[in-house]
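Chains, contacts and geometry: an overview
Below, each chain spelled out in residue letters.
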Amino acid sequence: MYNPQLNRHGELTHLISTEGLPRDILTHILDTASTFVPLADREVKKVPLLRGKSVFNLFFENSTRTRTTFEIAATRLSADVFNLNINASSASKGETLLDTIANLSAMQADIFVVRHEASGAPYLIARHVAPHVHVINAGDGRHAHPTQALLDMYTIRHFKKSFSDLTVAVVGDVMHSRVARSNIHALTTLGVAEVRAIGPLTLLPGGLDQMGVKTFTRMEEGLRDVDVIIMLRLQNERMRGALLPSSHEYFKHYGLTEDKLARAKPDVLVMHPGPMNRGVEIASSVADGPNSVILNQVTFGIAVRMAVMSIVAGASA
Amino acid sequence: MYNPQLNRHGELTHLISTEGLPRDILTHILDTASTFVPLADREVKKVPLLRGKSVFNLFFENSTRTRTTFEIAATRLSADVFNLNINASSASKGETLLDTIANLSAMQADIFVVRHEASGAPYLIARHVAPHVHVINAGDGRHAHPTQALLDMYTIRHFKKSFSDLTVAVVGDVMHSRVARSNIHALTTLGVAEVRAIGPLTLLPGGLDQMGVKTFTRMEEGLRDVDVIIMLRLQNERMRGALLPSSHEYFKHYGLTEDKLARAKPDVLVMHPGPMNRGVEIASSVADGPNSVILNQVTFGIAVRMAVMSIVAGASA
Amino acid sequence: MYNPQLNRHGELTHLISTEGLPRDILTHILDTASTFVPLADREVKKVPLLRGKSVFNLFFENSTRTRTTFEIAATRLSADVFNLNINASSASKGETLLDTIANLSAMQADIFVVRHEASGAPYLIARHVAPHVHVINAGDGRHAHPTQALLDMYTIRHFKKSFSDLTVAVVGDVMHSRVARSNIHALTTLGVAEVRAIGPLTLLPGGLDQMGVKTFTRMEEGLRDVDVIIMLRLQNERMRGALLPSSHEYFKHYGLTEDKLARAKPDVLVMHPGPMNRGVEIASSVADGPNSVILNQVTFGIAVRMAVMSIVAGASA
């Protein structure tokens with residue numbers, strides 16, 4: 001089966017989505033990331049793996065935080081990073097996306113990190129770049145956010161050691177969430193015992209059953225005995241129409257409180273991709289509580305992005 | 001007495017304000033800066049002191065020039081610099097300031113350079129960062145701008161050799177000026193003979209007497225026999241209501257002209273933090289005249305910021 | 001004759017315009033660029049020629065792509081690059097251009113790359129900078145865009161080996177184009193056999209005859225037997241009033257189609273400075289066709305900008 005993310009040797013050459021990535025590739029990324037985590041405690045937090053390589057941060061949609069995590073990861077690999085906020089430039093001059101990409105490729109880019117509001121844009125770009133360019137999806141529309149999913153997997157493995165016995169709940173606006181989608185694919189491939197999706201009926205997409213995901217509309221039920229809770233950000237900007245009651249109502253039913261958390265296992269991990277809306281999807285006491293690994297996710301995120309960059313840069317086309 | 005800027009060994013670990021900083025700390029910064037000044041004439045203007053360290057420029061308020069001076073200083077120390085214009089990002093997504101800071105800390109920052117429109121924000125941040133992070137205030141509201149004050153002190157010491165015999169006048173909108181406030185504290189601590197504040201009565205804050213500052217509403221009197229004049233920028237954007245007549249009227253009374261300058265000592269230093277409003281607070285002939293050290297201030301500013309960064313980075317928490 | 005671009009040894013110290021640059025200087029830039037082109041295929045695409053030097057990208061007019069090409073070029077020479085979007089900063093605070101420049105010079109800049117909407121701004125800056133600062137024009141108003149012209153010359157020489165036998169057509173909105181102006185001067189100095197300008201009468205400036213340029217209002221005639229076609233971007237934002245019919249009409253008469261291309265020599269080079277308006281000034285089949293060297297221009301542009309930077313940085317004042 002053709003997989004645009006792998007080269008003919010089966011190596012990762014682009015990272016577009018966790019969907020369709022074999023388990024050994026996911027595991028290889030996590031293993032590689034674990035070699036970068038100890039760097040954080042060193043005096044000089046850098047390795048020369050990508051020295052002289054050019055990483056282009058192509059952000060068609062603004063996201064200072066995500067851009068910064070990639071910029072840090074590339075810099076710690078000693079790459080040169082060029083930040084392009086593309087909205088402001090060529091797009092407005094009538095140039096096509098593929099012409100923009102062809103031009104940037106011609107500047108001898110090695111890696112494009114792409115954030116785009118349109119689902120599928122990174123895939124389109126990966127299909128058209130010169131063979132020496134590797135594409136990493138930093139979030140596209142409602143489609144995928146694979147590095148977020150990978151850092152979530154890293155965090156789970158770090159604390160739980162293995163995936164096979166775990167019950168993991170993804171909570172909130174599952175329908176509009178690229179984070180949810182990428183996590184569900186990764187969790188399934190890595191073989192967790194059970195994946196659950198919890199949210200109001202209007203925010204649970206169809207097709208979850210076919211993916212082996214159990215759906216719940218009540219937190220009290222869905223959180224029972226889970227090992228990991230992945231809270232989703234309530235992205236007001238992505239909501240259309242009146243799918244949701246007030247944020248106060250939302251918090252009452254789906255906000256993660258200590259009360260609801262008590263249904264889960266005592267050593268449950270509480271995760272959130274950030275930025276958090278305290279008092280909307282999560283109570284402050286839980287966000288800052290003993291089960292929260294939210295800041296660990298951020299730290300591991302740097303190592304995971306270093307891993308992805310170093311792996312794709314090492315793959316031939 | 002607890003001082004949030006010093007660690008338990010009495011070393012500078014954050015730079016929030018010149019207020020409360022002991023004289024030996026100020027002198028240590030100026031001495032360290034003097035070792036960096038000669039770098040400017042070298043072929044390679046860099047030293048490896050902060051190699052592998054991450055400096056985050058967190059500008060909640062836009063200031064291209066100040067950001068650039070810190071970026072240059074960090075780069076010449078061989079640090080990696082990440083520029084974050086925070087207004088545009090998380091703040092607008094409902095995340096709290098402290099969550100933003102916690103997240104950035106988790107990316108293994110070493111230094112946060114913080115510019116914020118709210119007085120006290122850098123202090124709040126310094127109270128909450130992880131122990132390995134050092135905070136440098138790059139200007140907060142009307143409160144403080146300590147690196148500007150330190151570079152002013154450096155400039156004065158460079159040209160006048162010592163502080164003890166000097167009479168220094170701070171001129172203009174003293175009430176709204178973080179530069180004035182930080183300079184007055186630094187000058188007092190370093191033991192100048194006399195500090196004067198000159199401005200319209202409506203722009204002279206109360207409490208100057210208690211700080212030992214003599215106030216004047218007429219330039220002709222206030223400038224008599226001074227050794228140093230620190231002009232302030234007229235920050236229209238910070239003025240509320242009709243405290244001021246027209247800028248033409250202002251120039252007539254408080255603009256530094258050759259005429260008024262003649263009241264000062266012949267070797268008086270004329271300083272300005274920039275950007276200048278020529279013809280409003282200062283006449284062009286004075287700004288470009290033989291007593292002006294305005295561009296020296298800029299050059300010394302790089303060395304002073306290098307000094308502050310290298311000192312705090314060397315301090316334990 | 002006084003030439004502000006050359007020092008008293010006749011060496012290039014600023015690059016403001018191709019007008020008035022002697023042929024040996026142009027040739028020296030192209031020869032130097034040719035030593036940088038092979039870098040693209042190396043594992044580490046960098047040389048340490050400008051290590052420790054500070055390059056300031058001063059973009060008074062936004063242009064992400066042009067800024068990026070200079071940023072890449074400077075980075076590959078190992079310089080430190082500081083990007084300043086000046087519109088947003090001091091300009092709005094009432095500071096004069098020359099004060100901004102004096103301040104940035106005082107930060108020990110080595111090279112200013114200047115983009116400005118006003119014709120002549122880089123020249124004004126070059127006249128006033130400190131002797132250790134070199135100015136490179138990255139496009140000023142309708143005046144000049146010398147690095148674009150130089151990369152066009154590099155591309156022509158790369159494919160055609162020599163200039164002397166060539167007929168080159170510049171097509172489109174010649175009147176408003178700094179690219180056209182800079183190319184015409186460079187082509188003339190390098191001694192091509194014939195330069196042609198093709199466009200609607202309203203977009204052909206007066207004075208072309210005196211420069212030895214033949215003018216044509218019909219593509220069918222103007223393209224006959226040419227060796228090189230330099231298409232110009234139709235810059236709607238630069239057009240005033242009703243000089244042009246619809247873009248559909250424009251394409252019909254002046255868009256480069258396969259049909260019109262057939263009038264030129266079979267091995268004609270098709271060039272475009274980008275970003276392209278497909279279907280307005282050029283047909284997609286031509287832009288992507290066998291005669292197009294548009295992406296080669298981009299690649300050579302990096303090497304040419306490296307050449308210019310390394311040459312001016314090596315010149316004394």
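Residues numbered from 1 in each chain as written. Chains lettered and ligands numbered in written order. Predicted model: local features only at pLDDT ≥ 70, side-chain atom pairs only at ≥ 80, totals over all residues. Heavy atoms only, no water.

Considering the overall build of chain A
- The secondary structure content of chain A amounts to 11 helices and nine strands.
- Its C-alpha atoms give chain A a radius of gyration of 19 Å, within 12% of the compact-globule value 20 Å for 317 residues.
- Each principal axis of the C-alpha atoms in chain A carries an extent, and together these give about 55 × 45 × 40 Å.
- Pairs at least 24 apart in sequence give 74% of the contacts found in chain A among residues at least 6 apart.
- Looking at chain A as shown, the accessible area adds up to about 11,700 Å², and 51% of this sits on carbon and sulfur atoms.
- One finds the centroid of the 32 positive side-chain charges in chain A at a distance of 2 Å from the centroid of its 30 negative side-chain charges. (Helix = DSSP H or I, 4+ residues; strand = E, 2+ residues; numbered from the N terminus. Rg over C-alpha atoms; globule rule 2.2 N^0.38 Å. Contact = heavy atoms within 4.5 Å. Areas by Shrake-Rupley, 256 points an atom, 1.4 Å probe, with all protein chains shown as cover. Lys, Arg positive; Asp, Glu negative; His and termini not counted. Charge placed at Lys NZ, Arg CZ, Asp CG, Glu CD.)

Regarding the domain arrangement of chain A
Residue and element names in this part refer to chain A.
- Taken domain by domain, chain A holds domain 1 (14–145 + 299–314) and domain 2 (146–295).
- Counting residues at the interface gives 36 residues for domain 1 and 30 residues for domain 2.
- Interface area for domain 1 against domain 2, summed over the two sides, is near 2,700 Å², with a carbon-plus-sulfur share of 61%.
- The largest share of the area that domain 1 buries against domain 2 comes from L30, R142 and H145, three residues that together contribute 30% of it.
- In this structure, the salt-bridge partner of R157 is D31, at a minimum N-O distance of 2.9 Å.
- At the junction of domain 1 and domain 2, the tally comes to 13 residue pairs in polar contact (both at pLDDT 80 or more).
- Secondary-structure elements contributing two or more residues to the side of domain 1 that touches domain 2 are helix 1 (23–36), helix 2 (64–76), strand 3 (111–116), strand 4 (134–140) and helix 11 (294–314).
- Sort the elements by how many residues they give to the side of domain 1 that touches domain 2 and helix 1 lands first, with eight residues. (Domains from an automatic or database assignment. Buried area = accessible area lost by both parts, 1.4 Å probe. Salt bridge = Lys/Arg side-chain N within 4 Å of Asp/Glu carboxyl O. Polar contact = N/O pair within 3.5 Å; in protein donor to acceptor, adjacent residues only side chain to side chain.)

Examining the environment of Y250 of chain B
- Mapped onto the secondary structure, Y250 of chain B falls in helix 8 (residues 247–254).
- In this structure the C-alpha to C-alpha distance between Y250 of chain B and P48 of chain B, which are 202 residues apart in sequence, comes to 47 Å.

Points about the relation of the copies chain A and chain C
- Rotating chain A by 120° about the axis while translating it 0.0 Å along that axis superimposes it on chain C, leaving an RMSD of 0.0 Å. Classification of the inter-copy transformation places it as that of a three-fold axis. (Least-squares fit on C-alpha atoms with pLDDT ≥ 70 in both.)

A few points about helix 2 (residues 64–76) of chain C
Residues and elements named next belong to chain C.
- Between the first and last C-alpha of helix 2 there are 18 Å, a value that for 13 residues agrees with the 18 Å anticipated at 1.5 Å per step.
- Within helix 2, 13 of the 13 residues are buried, which leaves the element mostly enclosed by the surrounding structure.
- At the C-terminal side of helix 2, S78 shows a positive phi close to 70°. (Expected span 1.5 Å × (residues − 1). Buried < 20%, exposed > 50% of the residue type's maximum accessible area, 1.4 Å probe, protein only.)

Observations concerning the interface of chain C and chain B
- Facing the 26 residues of chain C at the interface are 24 residues of chain B.
- Between chain C and chain B the total buried area reaches about 2,200 Å² when both faces are included, carbon and sulfur atoms providing 50% of it.
- At the junction of chain C with chain B, the criterion picks out five salt bridges.
- Between K46 of chain B and D80 of chain C there is a salt bridge whose closest N-O contact spans 3.1 Å.

What to know about the packing of aromatic side chains
- According to the stated counting rule, one finds 12 aromatic pairs over all chains in the structure shown.
- An angle of 40° between the planes, with centres 5.7 Å apart, marks the rings of Y250 of chain B and Y254 of chain B as tilted. Of this pair, Y250 of chain B and Y254 of chain B both sit in helix 8, separated by four residues, roughly a single helical turn. Both residues of the pair, Y250 of chain B and Y254 of chain B, belong to the buried class.
- A centroid spacing of 5.9 Å and a plane angle of 80° characterise the contact between F56 of chain C and F112 of chain C, whose relative ring orientation is edge-to-face. (Phe/Tyr/Trp six-rings, centres within 6.5 Å; stacked < 30°, edge-to-face > 60°.)

Quick look at the sheet that holds strand 4 of chain A
Residue and element names in this part refer to chain A.
- Reading across from one edge, 2-1-3-4 is the order of the four strands in this open sheet, with parallel pairing throughout. A strand with exactly one partner marks an edge of an open sheet, and here the two such strands are strand 2 (80–85) and strand 4. On average, each strand axis in the sheet is tilted by 15° relative to the strand beside it, whichever way the strands run.
- Pairing of strand 1 (residues 54–59) with strand 2, which is carried by six bridges, proceeds in the parallel orientation. Across the sheet, the residue bridging to S54 is D80, located in strand 2. (Pairing = 2+ DSSP bridges. Axes fitted to C-alpha atoms, helices over the stretch in contact; angles between N-to-C directions.)

With respect to the environment of V228 of chain C
Residues and elements named next belong to chain C.
- Note on placement: V228 falls in strand 8 (residues 228–231).
- For the pair V228 and V168, spaced 60 residues apart in the sequence, the C-alpha separation amounts to 4.7 Å.
- For V228, the contacting residues outside a window of four places in its chain are I156, T167, V168, A169, V268, L269 and M271.

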